[in-house]
Amino acid sequence: MFRRSLLALGIIGTLASPLVSGLLTAQVRLNGAGATFPNIIYQTWILTYNQKFDNVEINYQSIGSGGGIRQFSDKTVDFGGTDAPMTDSAIAAIGGNVLHIPTVLGAVVPTYNLPGITQQLRFTPDVLTDIFLGKITNWSDGRIASINPGVTLPKQDIIVVHRSDGSGTTFVWTDYLSKVSPDWLQKVGRGVSVNWPVGLGGRGNEGVTATVRQSPGGIGYVELGYALINKMSFGLVRNKSGNWITPSLESVTAAAQGAMDQMGPTTDFRVSITDSPGAQAYPIASFTWVLLRKEYPDYAKGRELLKFVWWSLTEGQAKAPGLGYAPLPKEMRPWIEARLRSVTAGGRPAWQGPAATGAQ
Amino acid sequence: MTTLPFEPVPPPQEQTTPSAESRWRTLRSIDRSDRIYQRLLTGIALALPALILVILGVLFVSALPAIGRYGPAFIWTSTWDPVKEIYGAAPMIFGTLASSFLALLIAVPLALGVAILLTEFAPRWLRQPVAFLVELLAAIPSVVYGLWGIFVLIPFLRSVVVPPLKAVFGWTPFIQGVFYGNSMIAGGIILAIMIVPYIAAVSREVLLAVPVSQREAALAMGATRWEAVRSAVLPYGRAGLIGAIILGLGRALGETMAVTMVIGNRHDISVSLLQPAYTMAAAIANEFSEATTNMYLSALFEVGLILFVLTVIVNAVARILIWRVARGTAVGSRAL
């Protein structure tokens, strides 16, 4: 009897000890939810940040941009994550109490399966659009051949593969096609899922990749980071300045730099950087954002959250390239800093700038 | 003699009966824990139907904006355009039904064959291992089926199955167009493999429950073993067998992951088995997490509502079917 109660005590003690220690150290809990695309780097940031500052417990659930925006709007989370910016009407619905802060950059690349072709294929915006509109249906089409001199293209039907799940990747891809082709904009438009004129749907980057790899003549689009890590072959795309650009982390950061004259210290960072004018800019790139409130009711929460966000945008950026994300251009930091300073928590400024946090 | 001496007798009888009853009643009511237990069980039993009603209610309320905006046309229009907010679920409804019935078409002969073999023909040492292996199919996670579909089934279909199929049946509307791999036929086959163990396991139990006397009677009439199965065993258990098939159909209607990985996910209606299609469950799983606008979300809820109602209808039809064929032959029908 005595032994059994001792055992029970022991069990209760084991169960409760993390709770107790949690109460003693982590005074602030921050919950976030949203986009799956930046999940890997967000989790890495959270882990690394926690090793330095253990007074805060951060949680990010990658439930998708749509879910992130919903939960952020319902105030069930402290911050959201999204690949597609909130629409004006969605912002109006929550009284404008939101800031979009870019964290890293992603890009989307065309990937294809043409057995026997070893050269990297080149794509112009209009060829890409017409393939995805179903107007170019064979790889031996003259328009593909004329921009790929020296490549013998097979007489092979083109099998278009797109994402079947709603996705920020699809948003970036269709946002680009909408910018370069009025035809696309009018017939299909941009969105996390669209009404595809042709093609098969694959679930996730891995679904698209598997379908493309299994289908000779297949062409699809996947995230750059995914393509890099899996060493996939992808095409070059001609940008606005007329240069053929290999998708890479550098050319993606260049896309953000090229789009910087659209932004400023008071800017709304909901800027699309597809078809960026920079000379070395890869044209199918995008920010991914965290959603912060302009006013937080709880001072400690607001302060710790902004400290973490600023740390991610400065020190944390070094983690990005290794994980397949392009870091933000350094030139953007002062503007983001200005935006973060405007956040209030419990009625006073939540964050006094980099000096106050100690994170540099 | 006279009836008088006997007259006093009935009252004691009347007395004893109620007293026995009341004793029984007191016996029953004496233990409070019994009553608590009974209420607990009633509560648990009622919780499940209540849960279904709550699910139905939530689906309906969430789907209301879409129902209000698109009306009944939602069911028979086929454009699914989240950008312009035009939604029609016809391709998904068609895809769900077509893939499930295609799966039944393939799975039922297979599963019944396995069940008949295992109960009637196979040597005893073979029965358990085969039954075990067939039922093991049910334990494989559906995402594994999906991967197997992408990497094994589709290449196999492309190189081995489809070319001869096209050569022989190319003139029918069912085998038309370019075969991309991800298609209705791939989805149907995957589903068939997934539902075989359910149908086979239940059918085996049903056939085992057929009394030996039925078989012996048929054999005694001079029937061969196959004739005995066909004329005595199968008719005796048909209610249970239909139940087994319906169980498989229910599973096929709701299957999501494996189907979405091989069916092509295209909002299109085509009678050709070689063309990509879509199912309701797959569309909900694919698009729910990124449904950013309220109307989009509501349209997906309406798809869920339709799937729910469809499943209820299928089950109701199955019940009616079982009741009708079960008259007189009861094996298995009581269990369903």
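Residues numbered from 1 in each chain as written. Chains lettered and ligands numbered in written order. Predicted model: local features only at pLDDT ≥ 70, side-chain atom pairs only at ≥ 80, totals over all residues.

A. Representation of the overall build of chain A in the model. In terms of helices and strands, chain A carries 14 helices and 14 strands. Each principal axis of the C-alpha atoms in chain A carries an extent, and together these give about 80 × 55 × 35 Å. By the burial criterion, 50% of the 360 residues in chain A qualify as buried. The long-range share in chain A, meaning contacts at least 24 apart out of those at least 6 apart in sequence, stands at 72%. (Helix = DSSP H or I, 4+ residues; strand = E, 2+ residues; numbered from the N terminus. Buried ≥ 20, exposed ≤ 12 C-beta atoms within 10 Å, placed from the backbone. Contact = placed C-beta atoms within 7 Å.)

B. Quick peek at the pairing of strand S6 (residues 159–163) of chain A. All names here are of chain A. Of all five residues that make up S6, five are buried, and the element is covered over most of its length. Pairing of S6 with strand S8 (residues 218–223) involves two bridges; the strand directions are parallel. Opposite Ile159, over in S8, you have Gly218 as the bridge partner. (Pairing = 2+ DSSP bridges.)

C. Layout of helix H2 (residues 32–70) of chain B. Residues and elements named next belong to chain B. The first and last C-alpha atoms of H2 sit 55 Å apart over 39 residues, in line with the 57 Å expected at 1.5 Å per residue. A bend of about 50° at Ala63 is the largest found in H2, and the proline Pro65 appears one to four places after it. Across the 39 residues that make up H2, only a small minority, three, are buried. For H2, the set of buried residues is Ala63, Ala66 and Tyr70. In the stretch just after H2, Gly71 is the one whose phi turns positive, near 65°. (Expected span 1.5 Å × (residues − 1). Bend = angle between axes of the 7 residues up to and from the residue.)

D. Quick peek at the nonpolar core. Counting residues in each nonpolar core, the largest one holds 178 residues, and the members touching the most others are A:Leu105, A:Ala107, A:Val252, A:Val309, B:Ile190, B:Ile195 and B:Ile199. Ranked by the residues each element gives to this core, the list is headed by helix H7 (residues 184–208) of chain B, at 18 residues. When residues no more than four places from it in sequence are discounted, the contact partners of B:Ile199 are B:Ala107, B:Val108, B:Ala111, B:Ala244, B:Ile245, B:Leu247 and B:Gly248. (Core = buried A, V, L, I, M, F, W, Y, C linked by C-beta atoms within 7 Å.)

E. How the structure looks around unusual backbone geometry. Phi at A:Lys231 takes a positive value of approximately 50°, unusual for a residue other than glycine. Checked against the element boundaries, A:Lys231 lands in the loop between helix H10 (224–229) and strand S9 (236–238). Under the C-beta neighbour-count criterion, A:Lys231 is labelled exposed, with 6 such atoms within 10 Å. Not every positive phi belongs to a glycine, and B:Glu85 is a case in point at roughly 60°. Within the secondary structure, B:Glu85 sits in the loop between strand S1 (80–81) and strand S2 (86–87). Judged by local crowding, B:Glu85 falls into the partly exposed class, with 14 C-beta atoms found within 10 Å.

F. Spatial organisation of the confidence of the model for chain B. Residue and element names in this part refer to chain B. Per-residue confidence for chain B gives a mean pLDDT of 86, with 88% of residues at or over 70. Confidence, expressed as mean pLDDT per element, reaches its minimum in chain B at helix H1 (residues 10–30) with 58 and its maximum at helix H4 (residues 90–121) with 94. Confidence drops under pLDDT 50 across residues 8–15; counting only partners more than four residues distant or on other chains, this segment forms zero contacts. Low pLDDT, under 50, characterises residues 330–336; the stretch is placed with 19 contacts to residues that sit more than four places away or in other chains. ipTM for the predicted complex: 0.75, alongside a pTM of 0.81. (pLDDT = per-residue confidence, 0-100.)

G. Local environment of helix H11 (residues 249–258) of chain A. All names here are of chain A. Within H11, eight of the ten residues are buried, which leaves the element mostly enclosed by the surrounding structure. Buried residues of H11: Leu249, Ser251, Val252, Thr253, Ala254, Ala255, Ala256 and Gly258, and no others. Looking at the buried positions of H11, the neighbouring elements they touch are strand S4 (99–112), H10, strand S10 (244–245) and strand S11 (285–292).

H. Region of interest: the packing of H7(B) against helix H10 (residues 238–254) of chain B. Residues and elements named next belong to chain B. In the contact formed by H7 and H10, the axes pass within 8 Å of each other and the chain directions differ by 155°. It follows from the interaxial angle that H7 and H10 lie roughly antiparallel. For the crossing formed where H7 meets H10, the hand is right-handed. Note on element contacts: H10 touches H7 through Gly240, Leu241, Gly243, Ala244, Ile245, Leu247, Gly248, Arg251 and Ala252, opposite Leu191, Ile195, Tyr198, Ile199, Val202, Ser203 and Val206. (Axes fitted to C-alpha atoms, helices over the stretch in contact; angles between N-to-C directions. Parallel < 35°, antiparallel > 145°, perpendicular 65-115°, else oblique. Left-handed = near helix turned anticlockwise from the far one by under 90°.)

I. Representation of the interface of chain A and chain B in the model. On the side of chain B, 25 residues touch chain A, which itself brings 29 residues to the contact. Among the secondary structure elements, those contributing two or more residues to the side of chain A that touches chain B are helix H3 (65–73), strand S7 (200–202) and helix H9 (204–214) of chain A. For the side of chain A that touches chain B, the class distribution of residues is nine nonpolar, 16 polar and four charged. (Nonpolar A, V, L, I, M, F, W, Y, C, P; charged D, E, K, R; others polar.)

J. Layout of the sheet that holds S8(A). Residue and element names in this part refer to chain A. Overall, mixed pairing links the eight strands, which are arranged S2-S1-S3-S11-S4-S8-S6-S7 in an open sheet. Strand pairing shows two members of the sheet lacking a second neighbour, strand S2 (56–61) and S7, which therefore form its edges. The sheet shows a mean angle of 25° between the axes of neighbouring strands, taken without regard to direction. With five bridges joining them, S4 and S8 adopt antiparallel strand pairing. The residue of S8 that forms the bridge with Val109 is Val222. Against the sheet, H9 makes contact with S4, S6, S7 and S8, and its axis sits at roughly 155° relative to S8, the strand it touches most.

K. Structural detail: the packing of helix H8 (residues 212–220) of chain B against helix H9 (residues 225–236) of chain B. Residue and element names in this part refer to chain B. At a closest axis distance of 9 Å, the pairing of H8 and H9 adopts a crossing angle of 145°. Viewed along their axes, H8 and H9 form a crossing whose handedness is right-handed. Residues Gln214, Arg215, Ala217, Ala218 and Leu219 of H8 touch H9, and the partners they reach there are Glu227, Ala228, Ser231, Ala232, Val233 and Tyr236. For the contact of H8 with H9, the class distribution of residues is seven nonpolar, two polar and two charged.

L. Seen up close, the environment of A:Asn113. Residues and elements named next belong to chain A. By the element assignment, Asn113 lies in the loop between S4 and strand S5 (122–123). Remark: the alpha-carbon pair of Asn113 and Tyr299, spanning 186 residues in sequence, is separated by 53 Å. Asn113 has contacts with Val212, Arg213, Ser215, Pro216, Gly217 and Gly218, leaving out every residue within four places of it along the chain.

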